[in-house]
Amino acid sequence: MANYSVRNQVAIISLCSPPVNALSSDVRRGILDSLKKAEQDVKVAAIVICGEGRTFCVGADITEFKSEFKTFPNLFELVDILESSPKPIVAAIHGHAFGGGLEVALACHYRVALSSAKLALPEVKLGILPGAGGTQRLPRLIGIDSSMQWIAFGDEYSAQIAANIGIIDRIFPSNADILESAVQYAQSIIGKSLINRRVSKLPVKDASKVSHIMEKYKQIVGKKSRGAIAPMVCLEAIKHAALLPYVEGMKKERMGIEALMGSDQSKSLIYMFFAERQVRNWTIPGTGINSKNTKPIKVEKVAVIGLGTMGRGIVLSLLKAGIKHVSVMELNKTARENGLLFIKNILEGYAARGTISETQKRSMVDALKPVSNFEMLKDTDLVIEAVFESMSIKKDIFAKLGQVCKPSAVLATNTSALDVDEIAMVTPKPKQVVGMHFFAPAHVMKLLENVRGSKSSPQVIATAMNMGQRMGKVTVLVGNCHGFVGNRMFRHYTVETDFMLEEGAYPEQVDTVLKKFGFAMGRYQVGDLSGNDIGYRMRTKFEMTNKQQPPGAPERER
Ligand SMILES: CCCCCCCCCCCCC[C@H](O)CC(=O)SCCNC(=O)CCNC(=O)[C@H](O)C(C)(C)COP(=O)(O)OP(=O)(O)OC[C@H]1O[C@@H](n2cnc3c(N)ncnc32)[C@H](O)[C@@H]1OP(=O)(O)O
C-alpha cells in the first residue's frame, strides 16, 4: 500500500493504492511504517512522499469513513507524526492532491508539484470538513481569507495558483518526471533548518482581521450554499486557527468533523458522489452491450440548431469542453444576434472572473461558426437540435439533417418529452439518432439525460455519453418514454407546489420557502426560465389539461 526505496540519501515513500491512492487504513499504515524505516536509516537525509500511477492522493478513503477513527494511525494522527519528523519530507504532487491528500502534503516540510497538478480541500462537497489539520494548517500557510475561499467552497486550484499563494514551493513542467524532480529538490534542502517549515508552528498572518473576514464569508456562504451545514462549520473551524494555538484549534476541528460526519446531509452527498460515478457505467438491458465494450465515434465538429435558452447553454457547454468547431444555426435574425451576444457576454464574464484566460476566451469565440443553411452541416460529427418543443418542427429538421449529414453523423434532439423514435423515423438512418436532454440553463446545470431510442446504435449512445462527460455533465442514459426520468420525477414536485397555489399561496411564497430550504431556484422561477408554455404543451398533448375540473381535483383529471 506504500512502497519504500532509497535513492542517493533520499527515502521514497510511494503511495500505491490504485486507482487514486485514497488513504485507506492500509495506506496510512504503509506510510507510517516507511517513515519509521527512513528515520532509522542513518544513510537517509531526506524523504519524498509521492503517489504511484495517475495521481498523488485524492484524500481519505470515502468507503472507509465509518471505521476511519478506529484504526491507528488515523489521518489526523498521521499528519502530526509526519510534521514532527526530524528529517525533511517533500511532497511530490502530480495529478490530484485533494482532501486528506493535500492535508498530508501540508504536513510535509516542502511541497513540489507538476504544473498540471490540481489541489483542493473538497470535503465540504461531502458535507464534512477537512479533518486532518486542513482547517488549521492552511490558514497558517495562506491566511484566513484564502483558506475560507478554498475550504468553504471546496473548489480545485491549479498548482500555479497554489504556488502563487504559498502552498507549493516549486513547480516543474507538466512533462517532467515528478519523482526524479522531487528527489533532486530533496537533495537540495538536506541540512537546512526545519524551524520555519513546520506549518502548524507558523503564525496566522491575517489573524487580526478574522472577525471581518468571517462576516464576509458568512454572507457569501449564506447565499451560495443556502441550507448547507458544512460550509458554516468549516468557517468556524478556520476562525479557531486565528484565535487558538494549533493543538486547541485541532480539538475544534475534531468537534466539527464529529458533528458533520454521519449527518443526513453528509450521507446524501456521499451517496451522490458514488451515484454520479456509477451512472457512467451504462448498459443496454438484455444485450450485453455496455460502456466497457462500446467505443464512441470521434467528435471534433459539433453543430447546435436553435439559439434559444437551451441552444445557447449547450453551445457554451461545448465551448467549455474545448470543442474547436461549434456551428450554430438560428434562422431567426433577432434570436441569432441575441444568442451570440449572450454567449459572448458569458465568456467575457468567465474571463473577467479568471475562470478562463483571455487566450481561452478568444479561442472559444473563434470556435463559434454561425451557419445559415443545412448544407453547411454536411461534415459535422454531431448535431444537437435545440429548437422549439414541437414534433412537426423537429421532424422537419431531422428530415433535412438526414439528407445532408454524413452517414456517420450523430443526430441528437434536445427534447424534454417528445418521442425520440418518432423523430428518428423521418431520417434514413434512425440508428444515428439519440436524445440529449439538457436542463436549463444548460451551461450551468450538471445533469444530462441521454435518451436511448429503440433504434439508437450502441456507438451513437457511447458518443452521446462520452460527449456529456467531456462537457463535465453527470450523464445518465435513460429509456425513451414520456418525460424520460428527470421530468417524471420533477412532475411530482410541481404537482405538490401547484396544489399549494390552489390552496392560496403565491408563486413567490412557494419559491421563497424552497430557496430557503436550499434549492438554487424556486419551482416557479424554473418554470419561467424553461418556459411555462413547454409544460402546458406537454400536458395538453397528453390530455392532462382540463379547465372544467374544480381546484383540488386529482391532477390527472385536470
Ligand atoms: C460518527 C463520528 C465519526 C467521527 C470521526 C472523526 C474522525 C475522522 C477523521 C477523518 C479524517 C479525514 C479527513 C479528510 O479531510 C477527509 C477526506 O479526505 S474526504 C475525501 C476528500 N477527497 C475527495 O472528496 C476527492 C474525491 N474524488 C474526486 O473528486 C475525484 O475522484 C477526482 C480526485 C477529481 C478524480 O476524478 P476522476 O479522475 O474523474 O476519477 P473518479 O472520480 O472517476 O475516481 C476514480 C475511482 O476512484 C474512486 N474514488 C475517488 N476518490 C475516492 C476517495 N476519496 N475514496 C474512495 N474512492 C475514491 C471513485 O469512486 C472511482 O471509483 P470507480 O467508480 O472507478 O469504482
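Residues numbered from 1 in each chain as written. Predicted model: local features only at pLDDT ≥ 70, side-chain atom pairs only at ≥ 80, totals over all residues. Heavy atoms only, no water.

Caption draft 1: A look at the sheet that holds strand β13 (residues 325-329). What the eight strands build is an open sheet, ordered β14-β13-β12-β15-β16-β17-β18-β19; its pairing is mixed. A strand with exactly one partner marks an edge of an open sheet, and here the two such strands are β14 (368-371) and β19 (474-479). Neighbour-to-neighbour, the strand axes of the sheet open up by a mean angle of 25 degrees, direction not taken into account. Sheet topology places strand β18 (residues 447-452) next to β19; six bridges connect them, and they run parallel. When the sheet's bridge partners are listed, Asn450 is paired in β19 with Leu477. Those strands touched by helix α13 (residues 358-367) are β13 and β14, and its axis lies near 20 degrees from that of β14. (Pairing = 2+ DSSP bridges. Helix = DSSP H or I, 4+ residues; strand = E, 2+ residues; numbered from the N terminus. Axes fitted to C-alpha atoms, helices over the stretch in contact; angles between N-to-C directions. Contact = heavy atoms within 4.5 Å.)

Caption draft 2: Spotlight on the sheet that holds strand β2 (residues 10-15). Strand order in the open sheet formed by six strands is β1-β2-β3-β4-β6-β9, and the pairing between neighbours is mixed. With partners counted over all chains shown, the strands left at the sheet margins are β1 (2-7) and β9 (170-172), one partner each. Pairwise comparison of adjacent strand axes, ignoring direction, gives a mean angle of 20 degrees for this sheet. The sheet contact formed by strand β6 (residues 110-114) and β9 spans three bridges and is parallel. Counted as the bridge partner of Ala113 is Ile171 from β9. Each of β1, β2, β3 (46-51) and β4 (89-93) touches helix α1 (residues 25-40); the most contacted strand, β1, lies at about 25 degrees to it.

Caption draft 3: Quick look at the site of the ligand. Residues in contact with the ligand amount to 33 residues; listed here are only the nearest, Arg54, Glu103, Glu123, Arg277 and Arg280. The contact in question runs from an oxygen atom of the ligand to an N or O atom on the side chain of Glu103, over 2.6 Å. A distance of 2.6 Å is found between an oxygen atom of the ligand and a side-chain nitrogen or oxygen belonging to Glu123. Compared with its free state, where it exposes 1300 Å², the ligand has 77% of that area covered by protein. Among the elements of the structure, β5 (96-98), α3 (100-107), α9 (246-260) and α10 (264-278) are those that each provide at least two residues to the shell around the ligand. Broken down by class, the residue content of the shell around the ligand amounts to 18 nonpolar, six polar and nine charged. (Near = heavy atom within 4 Å. Polar contact = N/O pair within 3.5 Å; in protein donor to acceptor, adjacent residues only side chain to side chain. Areas by Shrake-Rupley, 256 points an atom, 1.4 Å probe, with all protein chains shown as cover. Nonpolar A, V, L, I, M, F, W, Y, C, P; charged D, E, K, R; others polar.)

Caption draft 4: Just the nonpolar core, in detail. Core analysis: the biggest nonpolar cluster contains 73 residues, and Trp150 and Ile167 have the highest contact counts within it. Among the elements that take part in this core, helix α4 (residues 134-153) stands out by supplying nine residues, more than any other. Setting aside anything within four residues of it in sequence, one finds Ile167 in contact with Leu102, Leu106, Arg111, Leu119, Leu138, Leu141, Ile142, Trp150 and Ala162. By size, the runner-up hydrophobic cluster in this structure holds 38 residues, among which are Leu319, Ala386, Val434 and Met436. (Core = buried A, V, L, I, M, F, W, Y, C linked by side-chain atoms within 4.5 Å. Buried < 20%, exposed > 50% of the residue type's maximum accessible area, 1.4 Å probe, protein only.)

Caption draft 5: Highlighting unusual backbone geometry. A cis geometry characterises the amide bond from Pro18 onward to Pro19, with omega recorded as 5 degrees. Checked against the element boundaries, Pro19 lands in the loop between β2 and α1. Residue Ala440 is joined to Pro441 through a cis peptide bond whose omega torsion reads -10 degrees. Relative to the helices and strands, Pro441 is located in the loop between β17 (433-438) and β18. One non-glycine residue with positive phi stands out, namely Phe484, at about 50 degrees. Within the secondary structure, Phe484 sits in the loop between β19 and α17 (486-502).

Caption draft 6: View of the UniProt feature "domain: 3-hydroxyacyl-CoA dehydrogenase NAD binding" (unreviewed entry) in the protein. Within the UniProt annotation, "domain: 3-hydroxyacyl-CoA dehydrogenase NAD binding" (unreviewed entry) is assigned to residues 301-480. The span residues 301-480 shows a helical share of 42% and a strand share of 22%, and its end C-alpha atoms are spaced 26 Å apart. (UniProt positions renumbered as here; feature names shortened; annotations may be inferred.)

Caption draft 7: Spotlight on the packing of α3 against α4. Packing of α3 against α4 brings their axes to within 10 Å, and their N-to-C directions diverge by 120 degrees. In terms of orientation, α3 lies oblique with respect to α4. Taken together, the residues of α4 that come into contact with α3 (itself represented by Leu102, Glu103, Leu106 and Ala107) are Gly134, Arg137, Leu138, Leu141 and Trp150. Residue classes in the contact of α3 with α4 are distributed as six nonpolar, one polar and two charged. (Parallel < 35°, antiparallel > 145°, perpendicular 65-115°, else oblique.)

Caption draft 8: Just the environment of Lys201, in detail. Tracing the sequence through the fold places Lys201 in the loop between α6 (178-188) and α7 (210-224). For Lys201, a relative accessible area of 62% corresponds to the exposed category.

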